[in-house]
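Listed here are the chains, written in short residue letters.
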Amino acid sequence: MKLTTLCYIEKGGSYLMLHRVRKEQDENKDKWIGVGGKFEADEAPEECMLREVYEETGLTLTGYRFRGIITFVSDRWETEYMHLFTADRYEGELTPFCEEGELVWVPKREVPKLRLWEGDRIFLRLLSEREDFFSLKLRYEGEQLKEAVEGGQGGRRYL
């Protein structure tokens, strides 16, 4: 089981997106995602997210919200529980270099045109449509999304 965080930082109608192009062995290779990463020992979700955002961007978040839990099930990788955040206030300057890839401010309306995981399209839509906390389970075979269910068994299905 893998525990991770992901944060979409907002500024002027744009999200800070990370184009994962630097690492050869990367399950997100060539995809666009938010900023985040794996938990370290004894970290709370907020601590992990704040640390990862700072390490990857140089920004210190001063305003953020815990928005949801995304469960990724895959035939290739171990099950991942991703803690999803949005942020709208920060201090500091964006780093000129990120080891994970290229950081780009992308207008929210342009984000769906990027090379995203299909499941990311679903939770990005949920982030824009609702304010409450949500849970979403995404099941992949290879890179193909086979199932997307909000709120567990009996919940809203997206495929």
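Each remark here, short or long, concerns the structure printed above.
Residues numbered from 1 in each chain as written. Predicted model: local features only at pLDDT ≥ 70, side-chain atom pairs only at ≥ 80, totals over all residues. Heavy atoms only, no water.

Trainee: Any chance you could break down the overall build of the protein for me, citing the residues and the numbers?
Mentor: Per the secondary structure count, the protein includes two helices and nine strands. Its C-alpha atoms give the protein a radius of gyration of 15 Å, within 12% of the compact-globule value 15 Å for 159 residues. If one aligns the C-alpha atoms of the protein with their principal axes, the spans along those axes are about 45 × 35 × 35 Å. Every one of the 159 residues in the protein was classed for burial, and the buried ones make up 48%. Taking the contacts inside the protein whose residues are at least 6 apart along the sequence as the reference set, 63% of them involve residues at least 24 apart. Accessible surface computed for the protein: about 8,500 Å², of which carbon and sulfur atoms make up 46%. For the protein, the centre of its 25 positive side-chain charges and the centre of its 32 negative side-chain charges are spaced 6 Å apart. (Helix = DSSP H or I, 4+ residues; strand = E, 2+ residues; numbered from the N terminus. Rg over C-alpha atoms; globule rule 2.2 N^0.38 Å. Buried < 20%, exposed > 50% of the residue type's maximum accessible area, 1.4 Å probe, protein only. Contact = heavy atoms within 4.5 Å. Areas by Shrake-Rupley, 256 points an atom, 1.4 Å probe, with all protein chains shown as cover. Lys, Arg positive; Asp, Glu negative; His and termini not counted. Charge placed at Lys NZ, Arg CZ, Asp CG, Glu CD.)

Trainee: So what's going on with the side chain of threonine 86? Residues and values would help.
Mentor: Assignment of secondary structure puts threonine 86 in strand 6 (residues 80-91). Overall, the relative accessible area of 5% leaves threonine 86 in the buried class. A polar contact is formed between the side chain of threonine 86 and the side chain of arginine 67, at a distance of 3.3 Å. Residues within four places of threonine 86 in sequence aside, it is in contact with Cys7, Tyr8, Glu10, Tyr64, Arg65, Arg67 and Leu127. (Polar contact = N/O pair within 3.5 Å; in protein donor to acceptor, adjacent residues only side chain to side chain.)

Trainee: Tell me about the nonpolar core, residues and numbers included.
Mentor: Counting 40 residues, the largest nonpolar core has Tyr8, Met17, Ile70, Leu84, Phe123, Leu136 and Leu138 as the members making the most contacts within it. For this core, the element with the most residues is helix 2 (residues 118-129), which contributes five residues. Discounting chain neighbours no more than four positions away, the residues touching methionine 17 are Tyr8, Trp32, Ile33, Glu102, Leu103, Val104, Val106, Val111, Leu114 and Leu116. (Core = buried A, V, L, I, M, F, W, Y, C linked by side-chain atoms within 4.5 Å.)

Trainee: I'd like a rundown of the packing of aromatic side chains, residues and numbers included.
Mentor: For the structure shown, the criterion picks out eight aromatic pairs. Judged by centre distance (4.6 Å) and plane angle (15 degrees), the ring pair of phenylalanine 66 and phenylalanine 85 falls under stacked. With phenylalanine 66 in strand 5 (residues 60-74) and phenylalanine 85 in strand 6, this pair connects stretches of sequence that are 19 residues apart. On the basis of relative accessible area, phenylalanine 85 is assigned to the buried category, the value being 0%. Where tryptophan 117 meets tyrosine 140, the ring centres are 5.3 Å apart and the plane angle is 75 degrees; that geometry is what we call edge-to-face. You can see tryptophan 117 sitting in the loop between strand 7 (102-107) and helix 2 and its partner tyrosine 140 sitting in strand 8 (residues 134-141), a full 23 residues away along the chain. (Phe/Tyr/Trp six-rings, centres within 6.5 Å; stacked < 30°, edge-to-face > 60°.)

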